Amino acid sequence: MNWHFRYPQGSGGPGWSRSYWDELWHKTAVSGGTNDSVMRHALDPVFRWLGQAVTVFSPVAGAPASSLAHDLLELLLAPRMTMSDGELGELYDRALQGTRLLMDMRHPQLASAVHALLTAFGQDRGRLRGDTHDDFLLLLAQLIQLVFGDSESVQPLPVTVFDALSHALTSHQPLLHAVVSAEDRALIARHHDPTTGTPE
């Protein structure tokens, strides 16, 4: 991927993204071949829910860059017995970097990426080394502040992004309760009816 986008392989540094993921999806529809149609059928959910993540890349020092979609699918599908703790941590490091790029974009598919990350983290948090684990908690705190915090202190989210991200976070409430601070949990609680737990 580095060669295609003219970024030096293994140099690390900030990630990069391209906005034409939907053109890639469309190309598979018009190519007309059986093989392309089969590939499109299998990847339709990826493009539908994580399309921008296909063209969001996280470079890693000493290794090829990887797309956020690639890393999220690895986290969701790869058997853990084949990965060392270090390899798992590197996978999370890249996914966290890519998710932050989506967050900076205020992209509508941020919620899908966050949902995938939280789903994977639920089974992996006991294996993640200190720095990666702490960075994951930092991302959660940033997301919680973005959605439930003081709207005057951060750039507001588009309504559709706000609704989807709020739902993604609250749907993982047991995990959030286990790992985030009491202060952050209080931010979420203030946006819910204390008797029903449903949004105001």
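Calculation criteria
Residues numbered from 1 in each chain as written. Predicted model: local features only at pLDDT ≥ 70, side-chain atom pairs only at ≥ 80, totals over all residues. Heavy atoms only, no water. Helix = DSSP H or I, 4+ residues; strand = E, 2+ residues; numbered from the N terminus. Buried < 20%, exposed > 50% of the residue type's maximum accessible area, 1.4 Å probe, protein only. Contact = heavy atoms within 4.5 Å. Areas by Shrake-Rupley, 256 points an atom, 1.4 Å probe, with all protein chains shown as cover. Phe/Tyr/Trp six-rings, centres within 6.5 Å; stacked < 30°, edge-to-face > 60°. pLDDT = per-residue confidence, 0-100. Salt bridge = Lys/Arg side-chain N within 4 Å of Asp/Glu carboxyl O. Core = buried A, V, L, I, M, F, W, Y, C linked by side-chain atoms within 4.5 Å. Expected span 1.5 Å × (residues − 1). Arc of directions from axis to C-beta.

## Side note on the overall build of the protein chain
Okay, step 1: If you tally the helices and strands in the protein chain, you get 10 helices and 3 strands.
Okay, step 2: Expressed as a percentage of its 200 residues, the buried residues of the protein chain come to 42%.
Okay, step 3: Sequence-distant contacts in the protein chain: of pairs separated by 6 or more residues, those separated by 24 or more amount to 65%.
Okay, step 4: When the accessible surface of the protein chain is totalled, it reaches about 10900 Å², and 57% of it is carbon and sulfur.

## Some points on the packing of aromatic side chains
Okay, step 1: According to the stated counting rule, one finds 2 aromatic pairs in the structure shown.
Okay, step 2: Judged by centre distance (3.8 Å) and plane angle (10°), the rings of F121 and F136 are stacked. Here F121, found in helix α6 (residues 110–124), pairs with F136, found in helix α7 (residues 130–148); they are 15 residues apart in sequence, far enough to count as distant.
Okay, step 3: F121 sits in the buried class, given a relative accessible area of 0%.
Okay, step 4: These aromatic residues form a ring-pair network of at least three members: Y92, F121 and F136.

## Focus: the confidence of the model for the protein chain
Okay, step 1: With 71% of its residues at a pLDDT of 70 or more, the protein chain has an overall mean of 79.
Okay, step 2: Confidence drops under pLDDT 50 across residues 1–7; counting only partners more than four residues distant or on other chains, this segment forms 16 contacts.
Okay, step 3: Scored below 50 in pLDDT, residues 193–200 shows 9 contacts in the model against residues more than four places distant or in partner chains.

## Describing the pattern of salt bridges
Okay, step 1: In the structure shown here, the tally under the stated rule is 5 salt bridges.
Okay, step 2: Note that R94 and D71 form a salt bridge whose closest N and O atoms lie 3.1 Å from each other. Of the two residues, R94 sits in helix α5 (residues 85–105) while D71 sits in helix α4 (residues 68–77), which places them 23 residues apart along the sequence. Neither residue differs from the other here; R94 and D71 are each classed as buried.

## A word on the nonpolar core
Okay, step 1: Counting 46 residues, the largest nonpolar core has Y92, L117, L165 and L169 as the members making the most contacts within it.
Okay, step 2: Every element with two or more residues in this core is listed here: α3 (34–50), α4, α5, α6, α7, α8 (159–170) and α9 (173–179).
Okay, step 3: It is α6 that provides the largest number of residues to this core, a total of 9 residues.
Okay, step 4: The contacts of Y92, once residues within four sequence positions are left out, are L75, L117, A120, F121, D124, L128, T132 and F136.

## A look at unusual backbone geometry
Leave glycine aside and you will find that most residues have negative phi; peptide bonds, for their part, are mostly trans.
Okay, step 1: Unusually for a residue other than glycine, R106 sits at a positive phi of about 55°.
Okay, step 2: R106 gets classed as buried once you look at its relative accessible area, which sits at 15%.

## Some details on α7
Okay, step 1: Spanning 19 residues, α7 covers 26 Å between terminal C-alpha atoms, matching the ideal 27 Å at 1.5 Å per step.
Okay, step 2: Of the positions making up α7, those classed as buried are T132, H133, F136, L139, L140, L143, I144, L146, V147 and F148. For α7, the buried positions fall inside an angular range of 160° around the axis, keeping them on one side.

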